[in-house]
Amino acid sequence: MGIALVESTNIVVANLEFRNYTDEGLQIMTGSEITIRDNLFIANGRASIDPDADGEGFGVNVEGTHGVQIIGNEAAENGPAPDRVRRGMLGTGINTYEIQNAIIRDNYSHDNIGGGLLVEDSVNVTVEANRIHQNELDAGGEYWDGGIWVDGGRDIVIRNNLITDNHGP
């Protein structure tokens, strides 16, 4: 991983480029008041060895974090390598799991191998003004991808996003 933040509070990750990391470009777990702003996440997660990721690859992965702001980032070409895709592995440009009180705004997630943006099992999340374009979505395995995929959770608002030319289901 480019940077891993675990149990961290009041952190700003801004104006960095995360490129060609085996697993996630940026991994955040069980933190609070984290801002991820104006970063590039390019070609990460091609050969993930993280046992918790099941071989999936992500540009940025945020789990179990409260008070998250993901604003103005670009995520492109993230996700597993083609040989892993053939084995049913997925990926996501911007991946979130069990986040609370979050804003995901003004991001551009494109050309990823898998979904553009995932919000899973989260509470009180606003997803707005994002551009999700030309991601390679998968429907061949046990799970399906989406340009924006919401899986579980409550009090999630999705508005004013542009979702175009994604391939797959």
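Preceding this paragraph is the structure being described.
Residues numbered from 1 in each chain as written. Predicted model: local features only at pLDDT ≥ 70, side-chain atom pairs only at ≥ 80, totals over all residues. Heavy atoms only, no water.

Leu 26, Ile 36, Val 62, Ile 104 and Leu 117 are the most contacted members of the largest nonpolar core, which has 23 residues in total. Elements that contribute at least two residues to this core include exactly strand E4 (26-29), strand E5 (32-37), strand E7 (57-63), strand E8 (66-71), strand E11 (100-105), strand E13 (115-120) and strand E14 (123-128). Ignoring sequence-local partners within four residues, the contact set of Ile 104 consists of Ile 70, Thr 96, Ile 99, Leu 117, Val 119, Val 125, Thr 126, Val 127, Glu 128 and Asn 130. (Core = buried A, V, L, I, M, F, W, Y, C linked by side-chain atoms within 4.5 Å. Buried < 20%, exposed > 50% of the residue type's maximum accessible area, 1.4 Å probe, protein only. Helix = DSSP H or I, 4+ residues; strand = E, 2+ residues; numbered from the N terminus. Contact = heavy atoms within 4.5 Å.)

What follows deals with the sheet that holds strand E18 (residues 162-164). Spatial strand order, E3-E6-E9-E12-E15-E18: six strands in an open sheet with parallel pairing. With partners counted over all chains shown, the strands left at the sheet margins are strand E3 (17-19) and E18, one partner each. On average, each strand axis in the sheet is inclined to that of its neighbour by 5°, with strand direction left out of account. (Pairing = 2+ DSSP bridges. Axes fitted to C-alpha atoms, helices over the stretch in contact; angles between N-to-C directions.)

Taken as a whole and assessed by the stated rule, the structure comprises one aromatic pair. Each ring, one from Phe 18 and one from Phe 41, has its centre 5.0 Å from the other, and the planes form 10°; the classification is stacked. Of the two residues, Phe 18 is situated in strand E3 and Phe 41 in strand E6 (residues 40-42); the sequence distance between them amounts to 23 residues. Judged by relative accessible area, which is 1%, Phe 41 ranks as buried. Sitting over the face of the ring of Tyr 108, Arg 131 holds its NZ or CZ atom 3.8 Å from the ring centroid. (Phe/Tyr/Trp six-rings, centres within 6.5 Å; stacked < 30°, edge-to-face > 60°. Lys NZ or Arg CZ within 6 Å of the ring centre and 35° of its normal.)

Applying the stated criterion across every chain yields a total of five salt bridges. Measuring nitrogen to oxygen at the nearest pair gives 4.0 Å for the salt bridge that ties Arg 154 to Asp 155. Residues Arg 154 and Asp 155 agree in their burial class; the two are exposed. Shared partners join several salt bridges into a network, and the residues in it are Arg 105, Glu 128 and Arg 159. (Salt bridge = Lys/Arg side-chain N within 4 Å of Asp/Glu carboxyl O.)

Before going further, it helps to examine the sheet that holds E5. Spatially, E2-E5-E8-E11-E14-E17 is the arrangement adopted by the six strands of the open sheet, whose pairing is parallel. Each end of this open sheet is capped by a strand with a single partner; those strands are strand E2 (9-14) and strand E17 (154-159). Strand-to-strand twist across the sheet, computed as the mean angle between neighbouring axes with direction ignored, equals 5°.

Along the polypeptide, Ser 8 turns up in the loop between strand E1 (3-6) and E2. For the pair Ser 8 and Asn 44, spaced 36 residues apart in the sequence, the C-alpha separation amounts to 22 Å. With residues up to four places along the chain from it excluded, the contact list for Ser 8 reads Thr 30, Gly 31, Ser 32 and Ile 34.

Further remarks concern the pairing of E4. Direction of pairing for E1 relative to E4: parallel, over a ladder of four bridges. Along E4, the bridge assignment pairs Ala 4 with Gln 27. Bridge count between E4 and E7: four bridges; the pairing is parallel. In the strand pairing of E7, Met 29 is matched with Glu 63.

Take unusual backbone geometry next. Most peptide bonds are trans, and most residues other than glycine sit at a negative phi. Positive phi outside glycine occurs at Glu 33, with the angle close to 50°. Counting through the fold element by element, Glu 33 comes out in strand E5. Its identity as a non-glycine residue notwithstanding, Glu 98 has a phi of 55°, on the positive side. You can call Glu 98 partly exposed: its relative accessible area is 39%.

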